[in-house]
Amino acid sequence: MAKKRVLKQTINLICEELFAECLACTLYGNAKDSNNNEALAYSILKLQSDYISRISHPEPGMPAKAYYKKLKEDFIAQAGDIIDQINNH
């Protein structure tokens, strides 16, 4: 299991990159739907805060290794969904 600090830094870095891509897509993309852009940016920020808080407070009764493995898998899946939304934007 990676250190919690390293895991938090990685999540922050990925979310920063997603937010930058969202912003670039908003500024330079063809679509001008501001509500969709705001919703996408909000979902990135929500993803970041949700997973950062989940790192600090693991579920009781669940083995740490299994918990953090599931956390990583869930984060990758949700980040993938956001990447698909950015690409389709």
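Structure first, text after, so check above.
All of the points below concern the structure found in this document.

How each quantity is defined
- Residues numbered from 1 in each chain as written.
- Predicted model: local features only at pLDDT ≥ 70, side-chain atom pairs only at ≥ 80, totals over all residues.
- Heavy atoms only, no water.
- Axes fitted to C-alpha atoms, helices over the stretch in contact; angles between N-to-C directions.
- Helix = DSSP H or I, 4+ residues; strand = E, 2+ residues; numbered from the N terminus.
- Parallel < 35°, antiparallel > 145°, perpendicular 65-115°, else oblique.
- Contact = heavy atoms within 4.5 Å.
- Expected span 1.5 Å × (residues − 1).
- Buried < 20%, exposed > 50% of the residue type's maximum accessible area, 1.4 Å probe, protein only.
- Salt bridge = Lys/Arg side-chain N within 4 Å of Asp/Glu carboxyl O.

**Some details on the packing of helix H1 (residues 4-28) against helix H3 (residues 64-88)**
The relative placement of two packed helices is expressed as an angle between their axes plus a distance between the axes. For the pair H1 and H3, interaxial distance at closest approach is 11 Å and the crossing angle is 10°. Relative to H3, the element H1 lies roughly parallel. Here Lys4, Leu7, Ile11, Ile14, Cys15, Leu18, Glu21, Cys22 and Cys25 of H1 come into contact with H3, specifically with Tyr68, Leu71, Lys72, Phe75, Ala79, Ile82, Ile83 and Ile86.

**Notes on H3**
Helix length check: H3 (25 residues) gives 36 Å between terminal C-alpha atoms against 36 Å at 1.5 Å per residue, within 8%. All of the buried residues in H3 are Tyr67, Tyr68, Leu71, Phe75, Ala79, Ile82 and Ile86.

**Here we look at the pattern of salt bridges**
Evaluated as defined, the whole model comprises two salt bridges. Between Asp74 and Lys70 there is a salt bridge; the shortest N-O distance is 3.3 Å. Of this pair, Asp74 and Lys70 both sit in helix H3, four residues apart, which is roughly one turn of that helix. Relative accessible area serves as the criterion here: at 23%, Asp74 is assigned to the partly exposed category. According to the relative accessible area criterion, Lys70 is partly exposed, its value standing at 43%.

Read these as spatial facts, not as claims about activity.
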